[in-house]
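A closer look at the structure
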Amino acid sequence: GGDLIALPVDQSLIDASLAKKIERLYKFQEESIKQILCGKDVVIVAPTASGKTEAFSIPIIQKISEEISHFSSLRPKTCRKGKVLAILVYPTKALARDQLPKIKHFAEPLGINVNIFDGDTTKAERDSIITTLIPEIVITNFDIIHYHLLNRTKFSRLIKTARFLVVDEAHIYTGVFGANIHHIVKRLQ
């Protein structure tokens, strides 16, 4: 594996990693981070709980940080109206909620907002996400994306600015189900 400090990422991402006792990277993490930082599409195949979340969230958060730093540094993040730059898709609401604190751990030190938008999100939370505090990273599922694209909602307009799409547990999207997901991703593009 590689040395964390050797990566071209913000010091706060290194600090956040060290706080999670991540001092060295697995080879797949190092490769994934470098490829995503270079703008490449990546498929990560690794065992459960082996650090896949870090392998995609560190470089995506780095890229978002670079994009927002030049226009948001003058205003405090509490009043900043951001734009969605990444969509993280999880197959279940439970998994999405399990991943939220992990992703926030890396994003928040850089002033990047992360929010879940799914069937369990309250109306007040949805309204806030759409109008007030637009998160740079949205965690959701394909059912929500399909519904909102189909009905051309405010949320569907919100996610049009996304530059990153993460599909967790991609291996489950096979057969007819996989074909449906393929078309949702094409519509997102």
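Residues numbered from 1 in each chain as written. Predicted model: local features only at pLDDT ≥ 70, side-chain atom pairs only at ≥ 80, totals over all residues. Heavy atoms only, no water.

Looking at the overall build of the protein
If you tally the helices and strands in the protein, you get eight helices and six strands. What you see in the protein, going N to C, is helices and strands ordered as β-α-β-α-α-β-α-β-α-β-α-α-β-α. Against the globule reference of 16 Å for 189 residues, the protein gives a C-alpha radius of gyration of 16 Å, in line with a compact fold. Taking the principal axes of the C-alpha coordinates as reference, the protein spans close to 45 × 45 × 25 Å. Across the 189 residues in the protein, those meeting the buried criterion constitute 45%. Partitioning the contacts of the protein with sequence separation of at least 6, the portion at a separation of at least 24 is 67%. Total accessible area on the protein stands at roughly 10,300 Å², and carbon and sulfur atoms take up 55% of it. (Helix = DSSP H or I, 4+ residues; strand = E, 2+ residues; numbered from the N terminus. Rg over C-alpha atoms; globule rule 2.2 N^0.38 Å. Buried < 20%, exposed > 50% of the residue type's maximum accessible area, 1.4 Å probe, protein only. Contact = heavy atoms within 4.5 Å. Areas by Shrake-Rupley, 256 points an atom, 1.4 Å probe, with all protein chains shown as cover.)

Observations concerning the pattern of salt bridges
Throughout the structure, instances matching the rule amount to eight salt bridges. Its salt-bridge partner being E67, residue R163 comes within 2.1 Å of it at the nearest N-O pair. With R163 in the loop between α7 (154–158) and β6 (164–167) and E67 in helix α3 (residues 52–72), the pair connects residues that are 96 residues apart, well separated along the chain. Put simply, D118 and R97 hold a salt bridge, and the shortest N to O gap is 2.6 Å. Here D118 is found in the loop between β4 (114–116) and α5 (123–132), whereas its partner R97 is found in helix α4 (residues 93–107), with 21 residues between them in sequence. One network of salt bridges, with partners in common, ties together K27, E30 and K34. (Salt bridge = Lys/Arg side-chain N within 4 Å of Asp/Glu carboxyl O.)

Some words on the pairing of strand β3 (residues 86–89)
Across the two faces of β3 the burial is the same, with A86 and L88 and I87 and V89 all buried. Two elements, β3 and strand β5 (residues 137–140), share four bridges in a ladder whose sense is parallel. Its bridge partner lying in β5, L88 is registered against I139. With four bridges connecting them, β3 and β6 associate as parallel partners. Paired with I87 across the strands is L165, a residue of β6. (Pairing = 2+ DSSP bridges.)

Focus on the side chain of D168
Relative to the assigned elements, D168 resides in the loop between β6 and α8 (175–188). No salt bridge is formed by the buried D168; its nearest oppositely charged neighbour, K52, is found at 6.1 Å. Discounting chain neighbours no more than four positions away, the residues touching D168 are V89, Y90, P91, L95 and Y173. (Lys, Arg positive; Asp, Glu negative; His and termini not counted.)

Observations regarding the layout of surface pockets
Roughly 1,200 Å³ of internal volume is contained in the largest pocket. Lining the largest pocket we find 36 residues, and of these D41, V42, L165, V166 and V167 sit closest to its centre. Listing elements by their share of the lining of the largest pocket, those giving two or more residues are α3, β6 and α8. Each residue belonging to the lining of the largest pocket can be placed in one class, and the counts come to 21 nonpolar, six polar and nine charged. Lining the second largest pocket are 16 residues, and of these A49, K52, T53, Q99 and K102 lie nearest its centre. Elements supplying a minimum of two residues to the lining of the second largest pocket: α3 and α4. Tallying contributions element by element places α4 first for the lining of the second largest pocket, with four residues. Per-class residue counts for the lining of the second largest pocket are four nonpolar, five polar and seven charged. (1 Å grid on protein atoms, 1.4 Å probe; cavity = no way out; pocket = protein on both sides within 12 Å on 5 of 7 lines; lining within 4 Å. Points joined across faces, edges and corners; volume = space filled by probe spheres on them. Nonpolar A, V, L, I, M, F, W, Y, C, P; charged D, E, K, R; others polar.)

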